[in-house]
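The chain contents come next:
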Amino acid sequence: MSIPAVKPNAMTLTQQRLRDGFWLILPGLLVIFGITLFPIIYTFVLSFTETPISNPAPQGFVGFRNYLYFLSNPVFWAAIRRTLYFTVVSVGAELILGMGLALLIHARPFGWQFLRTSLIIPWAIPTIVNGAMWRWIYNADYGALNGLLYQLGIIDRYRAWLSEPVTAMNLVIVADIWHSVPFIALILQAALATIPRELEEAAAVDGANVWQRFWKIRFPLLQPAILVALVIRTVEAFRVFDIIYVITQGGPAFGTVTISYLTYLESFSYGRLGGGAALSFLISAFTLIMALLYIRLLYREDLR
Amino acid sequence: MNTSRQIGSKVLYFLLTLLALLVIYAPIAWLFLASISTRADLLATPPRWIPEHPTLKNYLDILVPGTAVSEVARTFKITLGNSLLVALTTTVISLVIGSLAAYALARLRLPFRNTVFFGVLSVRMIPEISLVIPLYIIAARLSILNKPIVLILTYLSFALPFTIWMLTTFFETVPEELEDAALIDGSSRLNTLFRVVIPVAAPGIISTALFTFLLAWDEFFFALIFTSTVAAKTVPVAIAEFTGRYAVDITAMMTGGILAALPPVLLALIFQRFIVSGLSAGAVKG
Amino acid sequence: MRAVSRLVFVVVLLALVVMSAAGCASPQQASGPKVVKVLAMQQAGPTPEEMNAIVAKFNQSSPNVKVEIEYVSYDALHDKIVTAMATNPPSYDVVLVDDIWYAEFVKNGYLWDVTDKIDQNTKQEVFSTAWDITSVNGRIYGMPWLLDQKYFYYNTEILEKAGVDVPQTWEDLIEASRKIKEMGLVEYPIVWSWAQAEAAICDFVALLYGNGGTFVDSNGNPAFNNEKGVQVVEWMVKTVDEGLSNPASISYVEEDVRNVFSQGKAAFALNWLYMYDLAALNPDESQVVGKVGLGLVPAFKGSGVPSATINGSMGFSVIDKSPNREEAWEYVKFLTSEPIQKEYSAHLLPVWSGNYEGQALEELKSLNESNPVTVPAFSAQIVYAHVRPKVPFYPEFSKALQLALQEALTKQKSPAQALNDAAAKWNELATK
């Protein structure tokens, strides 16, 4: 048996920790930044130029013109409005529905296990399959939505849902909600399950009704989980692209052009890399601010 | 509480459960029904909720293709294989590298922990669209376009921040005493990581692996731009290709969709225990 | 902190390494045959097997050149071409280009000007309207390859029952439709693709030129919103009001037109060539097999033209900055050459007018089941096919015009107002 000897020139424990930490973190950082650092810097530089995609070496320095162009452009603000609408409605509905589902499962009704298992399926379906599926459901002539509403007598003739800007956006949101609610529901349900039963029982004994029990006991204890789910989903929703690309391609009449889709149009359809880069950084700024706000909230909760 | 109220609420909850299940399964059922329909069945107005002539032809076209079938259908199986390769490799590498970093961030009380943590997360703020062109240029120069490696590297850069974040949270839930005991016994840090921390945090690791796999399997736009032949084409790209210039091959697309959804859904169902336990650890700790 | 700065140092170092590796790496082969990479489309003309066979033939006959071909879907084609331009050398040397992208690509300098490389014989033998596809500002940037236009489809059974002849003018068609509707044969005799999509513009072009109008005048200014254009849109609205045009047309694209027509729910329709095989010959896809007729697209009386339709073709072009553009052009010439086109004309109608005369015509017609009908229809129609305006801002403008047509059809704006708004957008884009 060897007794660890103290080496004469051993590092202090702190130095050891730092050294170990350095080597352990290094591979991860190398991969992440090795791959993305250059593209990020490149995009940043591009945003101050007017560079066409056919000759993507940064050229045509124009300072802040691209940024100012978008900030003063109604097309940009319309996209921001649409993205905010998408995010707020989407995440809001997911939160409410997710909370409802979590509470429902928590109440352990008959079949709750099957329900919890089933929730996984919409979440695990790939985004593009989800998009293709809903696009077919919304089909103007043969879709299930039209068929169902017509047979239930809710509409008297088929409608081209995806051809009307307002309904198109809302139906894309529905597709996104269906796909993402399970994530929130499962997080919240897991958190609910950690609330000690005694707390709830004590409250019931004290005469608190369902509403009071929810707001006074469960909700406060769930706040960390809710915030985690909110942060993740909000950032994801703000950057939404794939599902728009699959279901509506930004149509009709730009009705579903979100800020990421606008970046795609700028870079790929119009070939203006400088503009696309500026948009990217504007989006990143928005997203970063939002995320920081949330994280501030999160950590203040943690400290409490 | 009197019994009628109890029964009442039980019935209510059960009905709500049924409603929820209906909302979950109805679209999936529609997807499945489309995949076993002929085109004639699909195009009926009002829609035939049950196809008149259900057929497995669509599946055969993809799984055992004859000659009269589109190129996309014939190569679909290969794209499934590509997706599997890319997603698995990304997950494994991501877990290995991520565990190392997560352990350091969770345990070593490093002074720069928060900086690294948030720096790594903030990389995810950049919309992925903007990284496509520069990464495309680099990949072209390194001659790795249209090879699985380019997708693996790209997905790693997306997945790692997420993996590191999740694993850090899980490692933090492992009681320190266990590790301290091992360290005192002379084990090195790395040894402790593998012998002690990982086994205890296993549920969280599995759920992280699942999330990472789904992320890689799901990814569409980069795969679309970076791949062009079956050498590296993944399943989301293949599904998008069922759309022609004017015609959309709906039955094939829905069938492809079911096949593309099977691996992630099956994996998620098999490991669902871990999803829940993983999420609960994450939720409680934040 | 020492550790932090060390980390940062190493990471930045690696990023620089990656950058320089990318910068120095030269993917170009030093020796061996020159590689020509071709980007084509799936479901376009010949099957991939046939396209690969053509490539194999070329490779055999040209030992110094190796052609490689890849296929993507139409939706991805534009983005793939654009992304490919970002690298040096470009990822592809030859690309399949849709008619409406030519102006944009030429303005951005992607495509090689091959006007001087086309000999007189080729120039004359290929249909003149085919050159419209690949020409921008009088210069030619590629070989036309996949010629497609909208044809006039009619249901022979319905016409017979109604006792009407095949209409030659839109006015006659209205008369026939009224009779068909009165007799209760079909609820909406005409079906269109007027969704807020490119499809609506295609129909609009056919009707506009059929009214003797043009898209732009000789100075390149918008002319589609003059009285001829307004008349056309007013006519479109009226046919819906009168119940002759299927009102759902306002959200239909070509596939929907095909579905409606194939179910026998329309007597008249405009659509691309692809609909013929499916509607006339394929019992799995259609309930009107054997009852489909192809005719010249009608025009309006007094327009001065017997017919007018939309030319929506594609061409193969060489990338200007390709290091192997001479060899690439050789391949394009080979692919579009008369012998090759003739050999594979079961799936792709040739661009050479000589194939539509005399003995060649008879051979062409006998190649497959649909050719006896489609070949004569093609050669008769192609001379009256018009392209959409070749301006670099076409994609953006197209969206504005799609919106205008939709607004007029849904009566949110008067036809004149809607078209004028679209023209204003044109002027705005043209002066940017």
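Residues numbered from 1 in each chain as written. Chains lettered and ligands numbered in written order. Predicted model: local features only at pLDDT ≥ 70, side-chain atom pairs only at ≥ 80, totals over all residues. Heavy atoms only, no water.

Participant: So what's going on with the environment of Phe221 of chain B? Which residues, and what values?
Facilitator: Note that Phe221 of chain B resides in helix 11 (residues 221–226). Taking the C-alpha atoms as reference points, Phe221 of chain B and Pro236 of chain B, separated by 15 residues in sequence, lie 8.8 Å from one another. Beyond its immediate stretch of four places on either side in the chain, Phe221 of chain B contacts Phe241, Asp242, Tyr245, Tyr264 and Phe268 of chain A together with Ile129 and Val132 of chain B. (Helix = DSSP H or I, 4+ residues; strand = E, 2+ residues; numbered from the N terminus. Contact = heavy atoms within 4.5 Å.)

Participant: Lay out the interface of chain B and chain C in plain terms, naming residues and giving numbers.
Facilitator: Contact with chain B, which involves 32 residues of that partner, is made by 46 residues of chain C. Across the chain B/chain C interface, buried area totals approximately 3100 Å², and carbon plus sulfur atoms make up 57% of it. Taken as a group, Arg141, Arg245 and Tyr246 of chain B account for 27% of the area that chain B buries against chain C, more than any other trio of residues on that side. Linking chain B with chain C are one salt bridge. One salt bridge in this structure joins Glu49 of chain C and Arg74 of chain B, with 2.8 Å as the shortest N-O distance. In this assembly, chain B and chain C are joined by seven residue pairs in polar contact (both at pLDDT 80 or more). Residue assignment for the side of chain B that touches chain C shows that the elements contributing at least two residues are helix 4 (71–107), helix 6 (129–141) and helix 11 of chain B. Of the residues forming the side of chain B that touches chain C, the biggest block, six residues, is contributed by helix 6 of chain B. Classifying every residue of the side of chain B that touches chain C by side-chain character gives 17 nonpolar, eight polar and seven charged. (Buried area = accessible area lost by both parts, 1.4 Å probe. Salt bridge = Lys/Arg side-chain N within 4 Å of Asp/Glu carboxyl O. Polar contact = N/O pair within 3.5 Å; in protein donor to acceptor, adjacent residues only side chain to side chain. Nonpolar A, V, L, I, M, F, W, Y, C, P; charged D, E, K, R; others polar.)

Participant: Outline unusual backbone geometry, supporting the account with residue identities and numerical values.
Facilitator: Look at the link from Asn88 of chain C to Pro89 of chain C: it is a cis peptide, with omega at 0°. Tracing the chain through its elements places Pro89 of chain C in the loop between helix 3 (74–84) and strand 3 (94–98). The backbone of Asn146 of chain B shows a phi angle near 60°, a positive value even though the residue is not glycine. For Asn146 of chain B, a relative accessible area of 13% translates into the label buried. For Asn137 of chain C, which is not glycine, the phi dihedral falls at a positive 50°. Note on placement: Asn137 of chain C falls in the loop between strand 4 (135–136) and strand 5 (139–140). Take Asn137 of chain C: its relative accessible area is 74%, and that puts it in the exposed class. (Buried < 20%, exposed > 50% of the residue type's maximum accessible area, 1.4 Å probe, protein only.)

Participant: Now, about the nonpolar core: what can you tell me, with residues and values included?
Facilitator: Across soluble globular proteins, nonpolar side chains have a tendency to be buried as a group. Residues Phe224 and Leu401 of chain C are the most contacted members of the largest nonpolar core, which totals 352 residues. When residues of this core are sorted by domain, at least three fall in each of domain 1 (34–148 + 313–386) and domain 2 (151–310 + 393–430) of chain C. (Core = buried A, V, L, I, M, F, W, Y, C linked by side-chain atoms within 4.5 Å. Domains from an automatic or database assignment.)

Participant: Before we move on, can you summarise the side chain of Thr263 of chain A with the specific residues and values?
Facilitator: On the secondary structure map, Thr263 of chain A appears in helix 11 (residues 259–269). Given the relative accessible area of 0%, Thr263 of chain A is considered buried.

Participant: Describe the pattern of salt bridges, and please don't skip the residues or the numbers.
Facilitator: Note that side chains of opposite charge can pair when their charged atoms are close. Residues and elements named next belong to chain A. Under the criterion given, the structure shown has 34 salt bridges over all chains. Across the pair Arg233 and Asp176 runs a salt bridge whose closest N-O atoms are separated by 3.0 Å. With Arg233 in helix 9 (residues 210–238) and Asp176 in helix 7 (residues 165–193), the pair connects residues that are 57 residues apart, well separated along the chain. Its relative accessible area of 4% is what places Arg233 among the buried residues.

Participant: Give me the interface of chain A and chain B: which residues, what numbers.
Facilitator: Counting residues at the interface gives 87 residues for chain A and 91 residues for chain B. When chain A packs against chain B, the two sides together hide about 8000 Å² of surface, and 81% of this comes from carbon and sulfur. The largest share of the area that chain A buries against chain B comes from Arg17, Leu24 and Trp136 of chain A, three residues that together contribute 9% of it. One can count one salt bridge joining chain A with chain B. Across the pair Arg239 of chain A and Glu128 of chain B runs a salt bridge, and its minimum N-O distance is 3.3 Å. Across the contact surface, chain A and chain B share ten residue pairs in polar contact (both at pLDDT 80 or more). In terms of residue count, the dominant contributor to the side of chain A that touches chain B is helix 1 (residues 13–46) of chain A (19 residues). Looking at the side of chain A that touches chain B residue by residue, the class counts come to 63 nonpolar, 17 polar and seven charged.

Participant: Outline the sheet that holds strand 3 of chain C, supporting the account with residue identities and numerical values.
Facilitator: Residue and element names in this part refer to chain C. The strand order 2-1-3-12-6 describes an open sheet built from five strands, whose pairing is mixed. Taken across any chain shown, the strands that pair with only one partner, and hence form the sheet edges, are strand 2 (65–72) and strand 6 (143–146). With strand direction ignored, the average angle separating the axes of adjacent strands in the sheet is 30°. Taken strand by strand, helix 3 contacts strand 1 (34–41), strand 2, strand 3 and strand 12 (314–318), and its axis lies near 140° from that of strand 1. Against the sheet, helix 13 (residues 325–335) engages strand 1, strand 2, strand 3, strand 6 and strand 12, with an angle of about 155° to strand 12. (Pairing = 2+ DSSP bridges. Axes fitted to C-alpha atoms, helices over the stretch in contact; angles between N-to-C directions.)

Participant: Describe the pairing of strand 9 (residues 268–271) of chain C, with residues and values.
Facilitator: All names here are of chain C. Every second residue of strand 9 is oriented toward a common face, with Phe268 and Leu270 on one face and Ala269 and Asn271 on the other, all of them buried. Relative to strand 9, strand 8 (residues 190–191) is paired through two bridges, and the arrangement is parallel. Bridged to Ile190 within strand 9 is Phe268.

Participant: So what's going on with a nonpolar patch on the surface? Residues and values would help.
Facilitator: A grouping of Phe110 of chain A together with Ile7, Val11, Phe14, Leu15 and Leu18 of chain B is seen on the molecular surface, where their side chains present a nonpolar patch of about 600 Å² in accessible area. Residue placement: Phe14 of chain B occurs in helix 1 (residues 3–35). (Patch = residues over 30% accessible without salt bridge, like charges linked within 9 Å, V, L, I, M, F, W, Y side chains within 5 Å. Areas by Shrake-Rupley, 256 points an atom, 1.4 Å probe, with all protein chains shown as cover.)

Participant: Can you lay out the packing of aromatic side chains for me, pointing to particular residues and giving the numbers?
Facilitator: The description of an aromatic ring pair rests on the distance of the ring centres and on the angle between the ring planes. According to the stated counting rule, one finds 63 aromatic pairs over all chains in the structure shown. Relative to Tyr110 of chain C, the ring of Phe105 of chain C has its centre 5.2 Å away and its plane inclined at 45°; by these criteria the two rings are tilted. Each member of the pair, Phe105 of chain C as well as Tyr110 of chain C, is classed as buried. Taken together, Phe241, Tyr245, Tyr261, Tyr264 and Phe268 of chain A together with Phe220 and Phe221 of chain B form an aromatic cluster joined through their ring pairs. The ring of Trp112 of chain A carries Arg108 of chain A above its face, with NZ or CZ at 3.9 Å from the centroid. (Phe/Tyr/Trp six-rings, centres within 6.5 Å; stacked < 30°, edge-to-face > 60°. Lys NZ or Arg CZ within 6 Å of the ring centre and 35° of its normal.)

Participant: Would you mind going over the environment of Ile205 of chain B in detail, with residue names and values included?
Facilitator: Among the secondary structure elements, Ile205 of chain B is positioned in helix 10 (residues 202–218). If we ignore the near neighbours within four places in the chain, the residues touching Ile205 of chain B are Leu95, Leu167, Phe170, Phe171 and Ile198 of chain B.

Participant: I'd love a proper account of the sheet that holds strand 7 (residues 151–155) of chain C, names of residues and values included.
Facilitator: All names here are of chain C. Here we have four strands laid out as an open sheet, ordered 8-9-7-10, and mixed in their pairing. On the outer flanks of this sheet lie strand 8 and strand 10 (292–295), each paired with one strand and no other. Pairing between strand 7 and strand 9: four bridges, direction antiparallel. Counted as the bridge partner of Tyr154 is Phe268 from strand 9. Where helix 11 (residues 254–262) meets the sheet, its contacts fall on strand 7, strand 8, strand 9 and strand 10, and the angle it forms with strand 9 comes to roughly 145°.

Participant: With reference to specific residues and values, describe the domain arrangement of chain C.
Facilitator: Residues and elements named next belong to chain C. Segmenting chain C into domains produces domain 1 (34–148 + 313–386) and domain 2 (151–310 + 393–430). Between the C-alpha centres of domain 1 and domain 2 there is a distance of 28 Å. Facing 15 residues of domain 1, the contacting portion of domain 2 comprises 20 residues. Between domain 1 and domain 2, roughly 1600 Å² of surface is buried when both sides are summed, and carbon and sulfur atoms account for 67% of that area. When the area that domain 1 buries against domain 2 is broken down by residue, the three leading residues are Asp148, Gln381 and His386, summing to 38%. Linking domain 1 with domain 2 are zero salt bridges. There are six residue pairs in polar contact (both at pLDDT 80 or more) connecting domain 1 and domain 2. By residue number, the principal contributor to the side of domain 1 that touches domain 2 is helix 16 (residues 371–381), which donates six residues. When grouped by side-chain class, the residues that make up the side of domain 1 that touches domain 2 number eight nonpolar, four polar and three charged.

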